[in-house]
Amino acid sequence: MNTPICDFVARYCEKAPLRLHMPGHKGVPLLGFEARDITEIVGADSLYEASGIILESERNATSLFGSAHTFYSTEGSSLCIRAMLAMITRYAAEQGRPPVILAARNVHKTFVTAAGLLDVDVEWLCPHADANLLSAPLDLTEIETRIEKIKPIALYLTAPDYLGALPDLAPIAKICHRHAVLLLVDNAHGAYLKFLPTSRHPLDLGADLVCDSAHKTLPALTGAAYLHVSKNAPTALLAFARDAMACFGSTSPSYLILQSLDALNVYLIGGYTQRLASALSRFSAARDTLTDHGYLLFGNEPLKWTVLTKPYGYDGFEFADLLAKKGITCEFFDPDHTVFMLSPDFGDGDCDRLVDALCEIPRRAPIASCPPRAHLPERACPIRQAMLGARERIETDRAEGRVLASLQVSCPPAVPILVCGEVIDADAIEMFRYYGIRFCEVLRTLV
């Protein structure tokens, strides 16, 4: 497999041309990589009108993932999520159907803002009894019942979720397609799932549109991502994709990130599947060691360990701080969890270092408090109306009965407590307090 983008840039650098084009650094090192940072000069192709080396590289990625086409994003899965919703909105219009999407609550905030910008109507699956803010178990009966009732154009799921819960998408896809509903999956944390001994990638389980953040679990630069269109998806979606990406994407995509995606294709066919399989065996044994030591781990995603810290006697903040003092930086922590993201490129010593550090932390009496349960509040107005309405900032403790105007969430994990246009109730205020959110923006008036 070739690397057409990387090869073009290497040849360009060898010529040492006088760079009378963007970027402004003209290839002169400040950080060291500037010589390879170019723009859409002749021969470099153009991401959103790809017909040359970028298209050739995307076709290499397409063959790896088995899609109808895999499109590159240099702006992460956020761009791909916006594009997916734009594609679905246009598809609904051509089908003469309203743009209604059924979605689980643990979506990334980009889904909510994209729905607002596109004026998509979102219907939410009711939170499962075991649901929390970040993880929402799925009930097949409820999914089918809601699909039959509201007749959405698409079902939108986050899988795997931020804590590493990986649902079985195959039966969900069958339900969707039985009712002529498209399945959209935010697989930002699961690009590597394609390369497991048995693929668990959403494309292979029946999803129609999927986004992957290559940079989250594969060795790509931050911002590198994919939008996959399934071979089984309506052909119209494939025709809409490039325009949808261009609608929301920068006209100056990073050529460094494009090279990263290009080089990744060769990396993935160069023994990655075998390295991943070998690593999973080591990680499974290490996970068993932690369980034997008294740890409770959440989720079933192979390259993510989520430690439930309170049963071990710590809140997540204290636990992460203890590890930081040992030179270990986790992906995320909150009052209940500490999340670690592993890699098949870890050496045995890296995994042993993490396990040893965890086992050195003394176990204490469990902390009994639990996170507030996720709930479905009253909706006062559409997302778009709330997003674009006049607002004021108030203390969350005084916000009961007001309508949320903007998402109160940081990234990570970027999962909203409430959605724009929803009424702030007592349960929401409890959750705001639990996660340390003291202020929120609410609508001044509801026109």
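In this text, all values refer to a predicted model and were calculated from it rather than measured experimentally.

Visitor: Describe in detail helix 4 (residues 109–118), supporting the description with residues and values.
Guide: Restricting attention to buried positions, one finds in helix 4 the residues Thr110, Phe111, Val112, Ala114, Ala115 and Gly116. Packing partners of the buried residues in helix 4 comprise helix 3 (76–95), strand 2 (100–103), strand 3 (121–124), strand 4 (154–158) and helix 12 (383–387). Residue aspartate 119 follows helix 4 closely and has a positive phi angle near 60 degrees.

Visitor: Could you give an account of empty space enclosed by the protein, with specific residues and numbers?
Guide: One way to see where empty space is left: roll a probe the size of a water molecule over the atoms. Taken as a whole, this structure holds 1 cavity of 30 Å³ or more when the rule is applied. Quantified by volume, the largest cavity comes out at close to 160 Å³. If you trace the largest cavity, you find 20 residues lining it, with Arg105, Asn106, Pro127, Ala136 and Ala374 closest to the centre. The residue inventory of the lining of the largest cavity, partitioned by class, reads 13 nonpolar, 4 polar and 3 charged.

Visitor: Lay out the sheet that holds strand 8 (residues 296–298) in plain terms, naming residues and giving numbers.
Guide: A sheet is described by the order of its strands in space; here 4 strands give the open sequence 8-9-11-10, paired in antiparallel fashion. Among the strands making up the open sheet, the edge pair consists of strand 8 and strand 10 (332–333). Inspection of the sheet shows strand 8 paired to strand 9 (residues 304–308) by 3 bridges, in the antiparallel sense. Each residue of the ladder has a partner; that of leucine 296, found in strand 9, is leucine 308. Contacts from helix 10 (residues 316–324) reach strand 9, strand 10 and strand 11 (337–341), with the element oriented near 45 degrees to strand 11.

Visitor: Describe the state of the cysteines, and please don't skip the residues or the numbers.
Guide: The final tally for this structure, using the stated rule, is 0 disulfides. No disulfide involves cysteine 13; its sulfur sits 11 Å from that of cysteine 6, the nearest cysteine. In this structure cysteine 80 is not part of a disulfide, and its nearest cysteine sulfur, from cysteine 211, lies 5.7 Å away.

Visitor: Outline the sheet that holds strand 4, listing residues and values.
Guide: Within the open sheet, the 7 strands sit side by side as 1-7-6-5-4-2-3. Their pairing is mixed. At either margin of the open sheet sits one strand with a lone partner, and together these are strand 1 (69–73) and strand 3. Sheet twist, expressed as the mean angle between neighbouring strand axes with direction ignored, is 20 degrees.

Visitor: Now, about the layout of surface pockets: what can you tell me, with residues and values included?
Guide: There is about 340 Å³ of room inside the second largest pocket. Considering the residues around the second largest pocket, the lining is formed by 17 residues, among which Asn132, Leu308, His337, Cys370 and Pro371 are closest to the centre. Considered class by class, the residues forming the lining of the second largest pocket number 9 nonpolar, 4 polar and 4 charged.

Visitor: Describe in detail the pairing of strand 11, supporting the description with residues and values.
Guide: Of all 5 residues that make up strand 11, 4 are buried, and the element is covered over most of its length. Summarising the sheet, strand 10 and strand 11 pair through 2 bridges and their orientation is antiparallel. Counted as the bridge partner of phenylalanine 332 is valine 339 from strand 11. In textbook terms, the turn of a hairpin is the stretch between consecutive antiparallel strands, and for strand 10 and strand 11 this stretch comprises 3 residues.

Visitor: Provide a residue-level description of unusual backbone geometry, including the pertinent values.
Guide: The amide bond that connects methionine 22 to the next residue, proline 23, takes the cis arrangement and shows omega of -5 degrees. Within the secondary structure layout, proline 23 lies in the loop between helix 1 (4–15) and helix 2 (53–65). Residues alanine 159 and proline 160 are joined by a peptide bond in cis, for which omega reads 0 degrees. Positionally, proline 160 belongs in the loop between strand 4 and helix 6 (169–178). The phi torsion at aspartate 45 lies on the positive side, around 70 degrees, for a residue other than glycine. Take aspartate 45: it is sitting in the loop between helix 1 and helix 2. According to the relative accessible area criterion, aspartate 45 is buried, its value standing at 13%.

Criteria and cut-off values
Residues numbered from 1 in each chain as written. Predicted model: local features only at pLDDT ≥ 70, side-chain atom pairs only at ≥ 80, totals over all residues. Heavy atoms only, no water. Buried < 20%, exposed > 50% of the residue type's maximum accessible area, 1.4 Å probe, protein only. Helix = DSSP H or I, 4+ residues; strand = E, 2+ residues; numbered from the N terminus. Contact = heavy atoms within 4.5 Å. 1 Å grid on protein atoms, 1.4 Å probe; cavity = no way out; pocket = protein on both sides within 12 Å on 5 of 7 lines; lining within 4 Å. Points joined across faces, edges and corners; volume = space filled by probe spheres on them. Nonpolar A, V, L, I, M, F, W, Y, C, P; charged D, E, K, R; others polar. Pairing = 2+ DSSP bridges. Axes fitted to C-alpha atoms, helices over the stretch in contact; angles between N-to-C directions. Disulfide = S-S within 2.5 Å.

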